[in-house]
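# Breakdown of the fold
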Protein chains: 2
Amino acid sequence: MNWTVEESGFDLARVTTNGNKFMIGNGYMGYRGTLEEFGKEQLVAVTLAGLYDKSGQQWREPVNAPNGLFTTLLCDGEPLTVIEQEVISHRQELDIRSALHRRETVYKRPDGGTVTYTAERFASMDNLHLMVSKLTLCTTRDCTIVIQTGIDDDVWDINGPHLNDLQKNSMDHIMISTAITGELKVPVAVAELAVFGFGEQSLDESSLLRQLTFKAQAGVTYTWYKYVSVFSGLDGTESLVNEAITTVNAAVNLGYEVLLGTHQRKWEDKWSLSDVIIKGDQEAQFALRYSIYQLLIIAPTHSERVSIPARGLSGQVYKGAVFWDTEMFMLPFFLHSDPVTARNLMMYRVHTLEGAKRKAAEYGFLGAFYAWESQDTGDDACTLFNVNDVFTGRPMRTYFRDKQVHISADVVHGIWQYVQFTGDYSLLTDGGAEVIWECAKFFYSYAYYNPVKARYEILDVTGPDEYHERVNNNAFTNALVKETLEIAIQAADYLRTNHPAAFEAMTDTFKEGPFLPEFQEMLEHFYVPQPNTENLVIEQFDRYFTLEEVALTDLKSRVLNKHEYWGGGNGLATTTTILKQADVVLMLNLFKHSFSQEVKKANWEFYEPRTEHGSSLSPCIYALVAADIGAPDWGYPYFMRTATVDLTGESKQYVGDLYIGGTHPAANGGAWMAAVLGFAGLYFNGEDVHLNPSMPKQWESVELPVVLRGGNYRLHVGREEITIQASADNKSALNFIVSGGQVEMCQPGVQLQIRYS
Amino acid sequence: MNWTVEESGFDLARVTTNGNKFMIGNGYMGYRGTLEEFGKEQLVAVTLAGLYDKSGQQWREPVNAPNGLFTTLLCDGEPLTVIEQEVISHRQELDIRSALHRRETVYKRPDGGTVTYTAERFASMDNLHLMVSKLTLCTTRDCTIVIQTGIDDDVWDINGPHLNDLQKNSMDHIMISTAITGELKVPVAVAELAVFGFGEQSLDESSLLRQLTFKAQAGVTYTWYKYVSVFSGLDGTESLVNEAITTVNAAVNLGYEVLLGTHQRKWEDKWSLSDVIIKGDQEAQFALRYSIYQLLIIAPTHSERVSIPARGLSGQVYKGAVFWDTEMFMLPFFLHSDPVTARNLMMYRVHTLEGAKRKAAEYGFLGAFYAWESQDTGDDACTLFNVNDVFTGRPMRTYFRDKQVHISADVVHGIWQYVQFTGDYSLLTDGGAEVIWECAKFFYSYAYYNPVKARYEILDVTGPDEYHERVNNNAFTNALVKETLEIAIQAADYLRTNHPAAFEAMTDTFKEGPFLPEFQEMLEHFYVPQPNTENLVIEQFDRYFTLEEVALTDLKSRVLNKHEYWGGGNGLATTTTILKQADVVLMLNLFKHSFSQEVKKANWEFYEPRTEHGSSLSPCIYALVAADIGAPDWGYPYFMRTATVDLTGESKQYVGDLYIGGTHPAANGGAWMAAVLGFAGLYFNGEDVHLNPSMPKQWESVELPVVLRGGNYRLHVGREEITIQASADNKSALNFIVSGGQVEMCQPGVQLQIRYS
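Residues numbered from 1 in each chain as written. Chains lettered and ligands numbered in written order. Predicted model: local features only at pLDDT ≥ 70, side-chain atom pairs only at ≥ 80, totals over all residues. Heavy atoms only, no water.

### Some details on the UniProt feature "domain: Glycoside hydrolase family 65 N-terminal" (unreviewed entry) in chain A
We apply this condition: UniProt positions are given in the numbering used here, feature names are shortened, and annotations may be inferred rather than shown by experiment. Think of it this way: any DSSP run of H or I at least four residues long counts as a helix, any run of E at least two long counts as a strand, and we number them from the N terminus.
UniProt records the feature "domain: Glycoside hydrolase family 65 N-terminal" (unreviewed entry) for residues 7-232 of chain A in the present numbering. In residues 7-232 of chain A, the share of helix is 3% and the share of strand is 58%. The end C-alpha atoms are 34 Å apart.

### A short note on the environment of B:P79
Residue and element names in this part refer to chain B. We count it as follows: Throughout, a residue-residue contact means that at least one pair of heavy atoms, one from each residue, lies within 4.5 Å.
Here P79 shows up in strand 7 (residues 78-80). Each C-alpha atom, one on P79 and one on I147, is 9.9 Å from the other, the two residues being 68 residues apart in sequence. In contact with P79, other than residues within four places in its own chain, are L73, L74, E84 and Q85.

### What to know about the interface of chain A and chain B
The line we're drawing: Two parts lose some accessible area (1.4 Å probe) when they are put together, and adding that loss for both gives the buried area. Here, a salt bridge means any side-chain nitrogen of Lys or Arg that lies within 4 Å of a carboxyl oxygen of Asp or Glu. Whenever two N or O atoms come within 3.5 Å, that pair is a polar contact, provided that in protein one can donate a hydrogen and the other can accept it, and provided that, for residues adjacent in sequence, both atoms are side-chain atoms. Each residue is assigned to one of three groups, with Ala, Val, Leu, Ile, Met, Phe, Trp, Tyr, Cys and Pro labelled nonpolar, Asp, Glu, Lys and Arg labelled charged, and all others, Gly among them, labelled polar.
Counting from both sides, the interface comprises 36 residues of chain A and, opposite them, 36 residues of chain B. Both faces considered, chain A and chain B share a buried interface measuring about 2800 Å² in area, 53% of it formed by carbon and sulfur atoms. A per-residue breakdown of the area chain A buries against chain B is headed by A:R394, A:Y448 and A:N570, which together make up 24% of the total. Where chain A meets chain B, there are two salt bridges. We note a salt bridge from B:E564 to A:R394, for which the minimum N-O separation is 2.9 Å. On inspection of chain A and its partner chain B, the count reaches ten residue pairs in polar contact (both at pLDDT 80 or more). Those elements giving two or more residues to the side of chain A that touches chain B turn out to be strand 21 (395-397), helix 10 (426-446), strand 22 (448-450) and strand 23 (455-457) of chain A. If one sorts the elements of the side of chain A that touches chain B by residue count, strand 22 of chain A sits on top with three residues. Split by residue class, the side of chain A that touches chain B holds 16 nonpolar, eight polar and twelve charged.

### A few points about the sheet that holds strand 28 (residues 701-708) of chain B
Residue and element names in this part refer to chain B. Our working definition: The pairing criterion for strands is at least two bridges between them, as found by DSSP. Inter-axis angles, ranging from 0 to 180 degrees, are taken between N-to-C directions of lines fitted to C-alpha atoms, where helices are fitted over the stretch in contact.
Ordered in space as 19-28-29-30-33, the five strands form an open sheet in which the pairing is antiparallel. Since the sheet does not close on itself, it has two edges, and those belong to strand 19 (277-279) and strand 33 (751-755), each with one partner. When the angles between neighbouring strand axes are averaged without regard to direction, this sheet yields 15 degrees. Note: strand 19 against strand 28, three bridges, orientation antiparallel. Across the sheet, the residue bridging to I278 is V702, located in strand 28.

And the structure:
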């Protein structure tokens, strides 16, 4: 089976896209899929998870570390680089089975000879501070080769510089680059050692480069290795430089092959818990696997103070900020395959609660208003002027920061999903309950009571469809707020019953209120838009139905500038029913059991032609609900669009001269959701496991491992039969219900085969 | 004393401005200050009050009648017209004492001779359907003159045509033009008769023109007269054409001089009740008198189904619609000088209540939401896209219509002002109380209760400052809503006590509520923004203080296109503290006795540099409050700017190719308010009369007549002494308090002299 992404030939125009497509990473750092000789112009980046810096008046963004894998070659005095040299062949490939990046370039020499250059690298999944690479060179004629390799500390930044006091040092042949971030004065250290089996290297500390010149003999393959370690002041180590040196030395002692072996075993473990096998559709198979790969290389397995930014670790785009994407689009994958990482993601919200409380207070509300763009502290990195008006060049006031209040409900939804799914209620006593209650309190203070209609409403918000800002009673938002109130009460009930002392202690500061009685009162009189009695459509927000009805193609024909923003005050879509992304339909997916198939179908059919899919978060939701309403083939194109977003690179890369590309973890998670929760029809809420397959016509089966309440299961969903294999190590049984049929209990070690139609 | 506006010489570029500046009218119709030979290209208009039409998909606007004063001349075969011919002299003048328009043009002839042509006209204040003109011609050499005169039915329309089935007829030498409006099929008839003391006229029915050719003898003055009547189907007459003919015949029988005499006596009466005499400032004197003139020619003395449009009767601009301008800027003048017309203006709101109820229902509210742009039915003529974006040419969504909810409070304020001021409570039983209660009901349904702050708030509105749309708790709006609730309760109290049976009958439909108990409950917990404890400034709306602080001049330097709109979604001012027009300061003027001088001064000083005065309604308010805080000389430039707006014509005339000029009745009313209620310091709320003079330094005195509770008084406000002369016909006495001194009662026929300092 195919586990390799590859691209042949070199095309300068693809450098940026391939930087995302061929990414490697290990959750601690991401390394863009650039080539060894590339520098900042080619957007090389070693992006560190969770370390942010603000330079001058520019916005805060993640810090990129110096690039310890930097290597250039000269042959007979001429540089060997794909950018300047003619190549006979060039191939870049990524083995997603073990996150191993490889390039092979055959250069043509003026004397008619060729130079074959290969390099492979990985960011160790065993030691997250380590990157290792193996490089080879073979010429067809004798020539003089100069290898220059070391650390490139001239890093690419969107809004840099972030690394101040850049120091260049060496010790025992190890190159050491150190720096301190400008804002928080966090030290960063990168150490590098290159090991050659030939020639004599000389170190140039002033450039952080080592140079090795040798006479290459035709037909001989020369191999060398690089060992690079990266540390920052966030790692909690005493001496950063010592730690970096020690790590490199230890790696050298083990050697490349051993390190690679360990790394690969870690990756085998990962895949054994997450690979989804689709039979009958090789294209979908690969795209889905690739999507999972993208999630695995950025998962913060090591820290509960880091979550996943909207562009993963593929650079500094979107300020390296964490959005609702994590809870709503990525969390389900981790819940089913890696609950520990899922817990980390949720604990990140616990650790950033104070920032969310500061934001609520800033706007005059109670409780916690989570950041639309969250970084290390939870303060909002989102600006009030987020988009430039292409017609005037002026910054445009948008309401992402102030009005997307659903973010607090999304966080609560994520925490409760985690608790229910895993049964790990310790998240509540570890701070999760405070988050829930503070968010409920926020919504209580945000809500208004309509005395004539005798109900609480949520006014002046922006829902998922960002083209319609400042609307009242957005169906999605209100449904989520209602859920927040319910969860706040349920969490209190659980803790009161099971941890009465902890409950008393935790609720001490909440007692002045508003608290549970107010939440209950609000819940009892809370308005959530319901399906229209005539056509079953749920109005996206108050008066949405009065907006101009225009076909999407017609609206596109009104575009005057291809970069113009469709939302905001005067946006093309603002006054029409055209939406940026799934909104009501997303709500129907979250609460799929609260609505009839007829309602879901009516809304899918109503909103689908009106959705622009201006966000990569949108298509997967239409795939999911299409599967839910028994129309998987309607959903299949949306699934494929989602699953291939980082393979095709067809998303927007630049706005003006601002690079906004990168990977799309939410779409990656969305692809997984569409395949597993949509087409395979898996649904688990902590009690019974439901399987309601609704597969595209060419799919023969979907097979995958899942972790449910700590037990391991392997599911094989065929077109007529489902097989469930419970691990013998499971501690308890679970009930499975296939296509609404009878309940079947699956004991540890047992394999169930259930036919369905 | 000077009562004449005049302009010498002819300048084509001044035709539009002079059309406004030299307007005549009588409340039934307005006639722009154009010349006899002008046609639609020169924006000739006979604008009929209260008659509207909608042509195709264009917006509704007032109907212009055919022009019965149309006259052209030929001399020896060549046209005599200021547009094409060289003139030796030309003068256009308007006698504002009797609304008499006069032109005199001396044409130069190729033979060296001259032709002197004069025309004077008036729209009779005695018979509102009648226009009369007197024309003369005198040549220095014998020549052949052709006079063509009749009815020009090729009318100027912004969004026409409105006159369908145009018929041309004649009967007994009377030319008759009839037509029917397109939308409501209202007939319009214009009849014309010209009376010559010389020559022989021939009628050409097909052109509605009569022609008279004669040999003019040098030195002889030839005089002729035109009698024109105008009727529409709104007049309640049986046979329009008969009525028009009868009116013309009756006029001819009386003759020009008798008609003019009657007309002038009516005008004498008007001035005797309204003229304000300023000593020491001739410029201010004339400007103020001219402002009063502009109000008198458009006052609907004849009908309680018509109010005053924002551009008076000067054409079709702003759809001929009635705005809050009437209640807030014009009503005070009429209350003090012509309570009957003031009552008509308020009854217009009673008659349009159903439209206001329809508008409230359209938006899902209870009660009455008055039209932002009101025409005959009270349905809102305001469109959702009111301004074009100059950068894209696209219509821009604005919120004038949906969010300027203060209009309903302005109407209530006006009604209550009328009732309190005049003591004429019959307005309440004639429908005024229903208006008040429906408006209060509207606000009750518009308001939301904030459970945390335990108060009702008014969210998502646009206040007077239209550059900041969709704000929460606009101080002006909330103060007016509070007043509405108070008035609703007070009106009920009055009726319950004084007209219990009527009260029972009137409140029958209100009893389901929300009604008085709810109003009371809302009032007790209603939020009105208060002065900041530190600097006494009242925040214009929630979070106004967080907007960008930028100097007005700096903001102007950001302008990219001089026609760009500063408000709306992406407007230059939208995200700054710069306001279009008086907002908090207007509120302080309305409720001047509820705030200390320190608060008024602090807010004047805070908001004055931040106010762009992008509306002609703004400067007069700064003049009023400047007088109030004892700084009349700060206010004087604002007063003069207001009082001269229609004399200088310096307001905006065109947006693109759309004519938006016209007269400015709100500024006219504002000039009167600044002079009388501001500088002379008159304040009457139905009980005692207060006089707190605060005059600009060069003003020696202000003298004026006022009608207070049906009694006539003449006030002379000097710098040290005030004289109050009560008419001997007064039925009762009134108390006067000067500069907060002791109460002095003024009995009928008595003259009080009160010194003050």
